[in-house]
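Inside the fold
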Amino acid sequence: MMMATEDSSSTISPFAKLLWQPALLLLSSDREEEGEKKPSNDSPAGAAVALVTSKDNAAARRVKWKQRDRQLQDFMRKLPKNSNYRVSFEDGMFAFVDAKNTILAKAGVKLLLSYNLNKRTVVGGWENPSVQDNVAACEVKDVQRTDVEQKDVDDIAYKIAEASHVDHIYRAINKTSWVFLGLKSLKLLDVKDRVQYNATIGWLELVGAILARLRKVIMMKQAPVMAIGKAYHDAGLLFAQQSKSTFSSNANAVKMLKLGSELLSKIAEELKTWLVRGRAHDQEHVRSILKRLLQYERATILSGRKKK
């Protein structure tokens, strides 16, 4: 099982701390046998999964996931020694990055469980209100939640990972807790597809922050026209880049970021006419731009409120 140390910095959500953490490989120890969950064939998607008590099944499951742990270790050996990981539950994305924060590999992610080292308690991902349903693990019935020994946590994670249909398990640790992440479809990116990881905030916050800056830029009468146009052009490129990388797992974000990219690129082209006309600041055009930025921002906010 892959493990990563976590620093003591805090943000809005306890799981948001996982956005910027170094990766550290540790091997999991052997676990005692335990019963296995088995989903019913006619159970609806997202329904709780029952457990079947079977030492043979538990042993087979443990062998399976330890093999997957080794596969993940082999995968990480292909990465630079100073590589780190990034995870955003809002975006449903896990990534390995290099020292320059360039994405080397990425995967879908689900929060499997968290384990409190002091209280020896387990909280399933489906029970955590900080994450959305689409990134929370499938609920598993009869999971031990109290008086859980450290040596037994991996087996619980294996059960939940099986129910959640993930491929690998990655564990982030700090002084007081462990957080188990399920990875799906982990893959190395071609060099041409590698971009910067910038999701320190969600996509709605990103849009809001960029638009706020662009409003200030367009109102700066002393700013060179070329500089204003470049600011809008670069922002359009950033939106396009983020739709293909950091927020690519969120269809709604991809749609709105692409629309924003098109809007900002179009405005950048329009600003070139200022130079042609020799007008440093066309007030009517400025009002038109501000109006379109506001319309787009409102559309993104409304879109972001929709259930994913």
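Residues numbered from 1 in each chain as written. Predicted model: local features only at pLDDT ≥ 70, side-chain atom pairs only at ≥ 80, totals over all residues. Heavy atoms only, no water.

**Remarks on the overall build of the chain**
Tallying secondary structure elements over the chain gives 6 helices and 10 strands in all. Here the chain, with 308 residues, has 49% of them falling under the buried criterion. Sequence-distant contacts in the chain: of pairs separated by 6 or more residues, those separated by 24 or more amount to 68%. For the chain, the computed accessible surface area is about 15,900 Å², with 54% contributed by carbon and sulfur atoms. (Helix = DSSP H or I, 4+ residues; strand = E, 2+ residues; numbered from the N terminus. Buried < 20%, exposed > 50% of the residue type's maximum accessible area, 1.4 Å probe, protein only. Contact = heavy atoms within 4.5 Å. Areas by Shrake-Rupley, 256 points an atom, 1.4 Å probe, with all protein chains shown as cover.)

**Observations concerning the side chain of Asp98**
Tracing the chain through its elements places Asp98 in the loop between strand 6 (93-97) and strand 7 (103-116). Although Asp98 is buried, it makes no salt bridge; Arg194 carries the closest opposite charge, 6.3 Å away. At a separation of 2.9 Å, a polar atom in the side chain of Asp98 contacts the main-chain amide nitrogen of Lys100. A distance of 2.9 Å separates a polar atom in the side chain of Asp98 from the backbone nitrogen of Thr102. Apart from the residues lying within four places of it in its own chain, the contact partners of Asp98 are Ser83 and Leu104. (Lys, Arg positive; Asp, Glu negative; His and termini not counted. Salt bridge = Lys/Arg side-chain N within 4 Å of Asp/Glu carboxyl O. Polar contact = N/O pair within 3.5 Å; in protein donor to acceptor, adjacent residues only side chain to side chain.)

**Some thoughts on helix 3 (residues 203-219)**
In this model helix 3 runs 25 Å from its N-terminal to its C-terminal C-alpha over 17 residues, within 8% of the 24 Å that 1.5 Å per residue would give. All of the buried residues along helix 3 are Trp203, Leu206, Val207, Ile210, Leu211, Leu214, Val217 and Ile218. Each buried residue of helix 3 sits inside an arc of 120° when the element is viewed along its axis, so together they form one side. Along helix 3, exposed side chains directed more than 90 degrees from the buried face belong to Arg213 and Lys216. (Expected span 1.5 Å × (residues − 1). Arc of directions from axis to C-beta.)

**Let's talk about the pairing of strand 7**
The buried fraction of strand 7 is high, at 11 of 14 residues. Linking strand 6 back to strand 7 in an antiparallel pair, the connection comprises 5 residues, with Asn101 at a positive phi of about 70°. In this structure, strand 7 lies alongside strand 10 (residues 177-188), joined through 10 bridges in antiparallel fashion. Residue pairing across strands places Val109 opposite Leu183, the latter belonging to strand 10. Here strand 7 folds back onto strand 8 (residues 121-124), and the loop between the two strands holds 4 residues, one of which, Arg120, carries a positive phi near 55°. (Pairing = 2+ DSSP bridges.)

**So, unusual backbone geometry**
We note that His165 has phi near 60°; this positive angle belongs to a residue other than glycine. Along the polypeptide, His165 turns up in the loop between helix 2 (150-164) and strand 9 (168-173). Residue class for His165 comes out exposed when judged on its relative accessible area of 56%. The phi angle at Ser185 is positive, at roughly 55°, despite the residue not being glycine. Along the polypeptide, Ser185 turns up in strand 10. A relative accessible area of 48% places Ser185 in the partly exposed class.

**Comments concerning the confidence of the model for the chain**
Residues at a pLDDT of 70 or more form 76% of the chain, whose mean pLDDT is 77. Note on residues 5-46: pLDDT under 50 across the span, and 122 contacts to partners over four residues away in sequence or across chains. (pLDDT = per-residue confidence, 0-100.)

**Here's the deal with the nonpolar core**
Leu214, Ile218, Ile228, Tyr232, Leu271 and Leu293 are the most contacted members of the largest nonpolar core, which totals 28 residues. Counting residues per element, the ones that place at least two in this core are helix 3, helix 4 (225-244), helix 5 (251-277) and helix 6 (283-305). (Core = buried A, V, L, I, M, F, W, Y, C linked by side-chain atoms within 4.5 Å.)

**Digging into the pattern of salt bridges**
Applying the stated criterion across every chain yields a total of 14 salt bridges. One salt bridge connects Lys192 with Asp193, and the closest N-O pair in it is separated by 3.4 Å. Judged by relative accessible area, Asp193 falls into the partly exposed class, the value being 38%. The partner of Asp234 in a salt bridge is Lys230, and the shortest N-O contact between them spans 2.7 Å. Of the two residues, Asp234 and Lys230 are both situated in helix 4; the distance of 4 residues between them amounts to about one turn of the helix. What makes Asp234 partly exposed here is its relative accessible area of 32%. Through salt bridges with shared partners, a single ionic network connects Arg120, Asp147 and Glu149.

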